[in-house]
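Residue-level listing of the chains:
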Amino acid sequence: MAILEEERKQVRRKLKKILMTLIEGHAFVVLKTRNGGEIEDVLYEGVDTRMFETMWIGMNVDELPRVTPMICGVCSATHHVASVKAADQVRGAEAPPEAWRIRYLINMGIHLNNQVLHPLVFGLPDFLPVEVERRSMFALGQRHPDVVKAGVALMELGHKVVAVFGGRDIHPINGIPGGVSRKPSEEEVEKLRSLFGKHRGDLKVFVEKSFEIMLGGKEKIDAYPPGYSYMMALTGPRGEYDIVNGRVKILNGKTGSVEAEFSDRGREYLSYLKEYTVPYSYIRMVTTKWKAQSPREGTIHVSALARANAVKSYGVEWADELRDRLAEEFGKPFRHPLLSTLFRVVESAALYELIARELEKPIGDPIYSPPTRDSGEGAAVIEAPRGTLIHHYMAEEGKATFINIITPTAINAAAIEADLRGFFVGKTLGEMSDREVYAHAASIVRSYDPCMACATHAASRNRVALRIVVADENWKPIRMLRP
């Protein structure tokens, strides 16, 4: 009996599972250890089932722009724009320039909302002092009420943009194959103009205070080295900041140089990206196709950080100056995962000004051009707040026969795993408290703002958001860590 009890103790020392909060959906981080407690491997797994794409087969392709946003309540507007861009191609429709302006504003509105939401809820709280036990937006508000108040106002403003141009603030409906169904009234636009004038002070407070908090914890950003191999982002055709149309660039993760480039429309992405099904996760991981033989090679990081390396200019002087400031602090290319949060703040400054400029211009006609066919194929690449998003459809006689959606979290899954391995492998578990192990894993994962609902396309009950598990050499769970 004594021998059996000692064996159980040895097993418990080899597997660790940590319960994690402040992500959207459900995931595990599994730490595999040797007998001495040294961490030798890490897995990042999505625990829900994937089903949405199959459910939509047979649906009228014109309905997809209204249905696919239901994947997510946070970045639903981006799914809407990606879906209608793909449906245009399926239906042989060429949306007029004024329709594209409205589509741009829908996506820019949700980007503004999200690029403020993530720092407030997920990013900045991790930079509170370690003595703060429950680091959350509420704890952030107690220490920095000005940044939370300003940020909440900006988040609401982003949703108002989506509501005015998308038809509603969550799960917008205005985009249709060939254009949009309506343009907003001058009265609606004028109210937005007034709000954008009113909240410039909030933008200044949010940006400057966020920089102060995060750069005050620069050592935390430096603590987590990048483990991923590549970065990917959509830019305008001349390298300008563009989150809807342009060219997709894959950058070397160490040098920042462009290693591949492909179209934001059609099947060309299939020549550069490869999806993998792995036995431990419902997320289909994505890597570069030409240099990867497994999900552990050719890993790709997509986010505001990747965009910061890919674009030549945001088109807003203040945002470019903020990026230059970060280049002085951290060098180029920007690589550390936690820098993603700072670049979300940079993008909030750019998006605010870009939207304000568009609101000064009247929206003309036409806003719709009729589709020319019922059968076809279309694939669209755009930028979601979290990173690059792909919608790919085929249809016959108006009914969907094939649907593939590659979300930023699916692309980032292998990169998250690589970053976790880069930090943990070789460290001894016994030399860190449970709280320290959890804090390190959570900081890396949260920097990507993973949306497991988007990546796994599932609904489940009674599951905790993120668990960190310690496993033995056979990946048998031994222990779970809690925050």
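You'll find the structure just up there.
1. Side note on the overall build of the protein
- Looking only at helices and strands, the protein features 16 helices and 16 strands.
- The long-range fraction of contacts in the protein, counting pairs at least 24 apart against all pairs at least 6 apart in sequence, stands at 72%.

2. Details of empty space enclosed by the protein
- Evaluated as defined, the whole model comprises two cavities of 30 Å³ or more.
- Lining the largest cavity are His118, Phe122, Gly123, Asp126, Phe127, Met214, Leu338, Thr341, Ser443, Arg446 and Ser447.

3. Some details on the pairing of strand β8 (residues 258-263)
- In terms of strand pairing, strand β7 (residues 247-252) meets β8 through five bridges, oriented antiparallel. Looking at β8, one finds that leucine 251 is bridged to valine 258.
- Taking the residues between adjacent antiparallel strands as the criterion, β7 and β8 are bridged by five residues, where glycine 256 takes a positive phi near 80°.

4. Considerations on the sheet that holds β8
- In spatial order, the strands read β8-β7-β6-β11; together these four strands make up an open sheet with mixed pairing. Across the chains shown, the open sheet's two edge strands, defined by having one partner strand only, are β8 and β11 (300-301).
- Pairing analysis gives six bridges linking strand β6 (residues 230-235) to β7, with the strands arranged antiparallel. When the sheet's bridge partners are listed, methionine 232 is paired in β7 with isoleucine 250.

5. Details of the state of the cysteines
- Scanning all chains against the criterion turns up zero disulfides.
- In this structure cysteine 75 is a free cysteine whose sulfur lies 3.6 Å from that of cysteine 72, the closest cysteine sulfur available.
- Residue classification places cysteine 75 among the buried positions, given a relative accessible area of 5%.

6. Notes on the pattern of salt bridges
- Evaluation of the coordinates by the stated rule reveals 32 salt bridges.
- Across the salt bridge formed by glutamate 98 and arginine 101, the nearest N and O atoms sit 3.3 Å from each other. Here the residue glutamate 98 and the residue arginine 101 both occupy positions in helix α5 (residues 97-123), the gap between them amounting to three residues, near one helical turn. For the pair shown, glutamate 98 and arginine 101 are each scored as buried.
- Across the salt bridge formed by glutamate 212 and lysine 209, the nearest N and O atoms sit 3.4 Å from each other. Here glutamate 212 pairs with lysine 209, and both are found in helix α9 (residues 200-215), just three residues apart, close to one helical turn.
- Each of the salt bridges in this network shares a partner with another, and the network as a whole consists of Asp41, Arg296, Glu417 and Arg421.

The rules behind the values
- Residues numbered from 1 in each chain as written.
- Predicted model: local features only at pLDDT ≥ 70, side-chain atom pairs only at ≥ 80, totals over all residues.
- Heavy atoms only, no water.
- Helix = DSSP H or I, 4+ residues; strand = E, 2+ residues; numbered from the N terminus.
- Contact = heavy atoms within 4.5 Å.
- 1 Å grid on protein atoms, 1.4 Å probe; cavity = no way out; pocket = protein on both sides within 12 Å on 5 of 7 lines; lining within 4 Å.
- Points joined across faces, edges and corners; volume = space filled by probe spheres on them.
- Pairing = 2+ DSSP bridges.
- Disulfide = S-S within 2.5 Å.
- Buried < 20%, exposed > 50% of the residue type's maximum accessible area, 1.4 Å probe, protein only.
- Salt bridge = Lys/Arg side-chain N within 4 Å of Asp/Glu carboxyl O.

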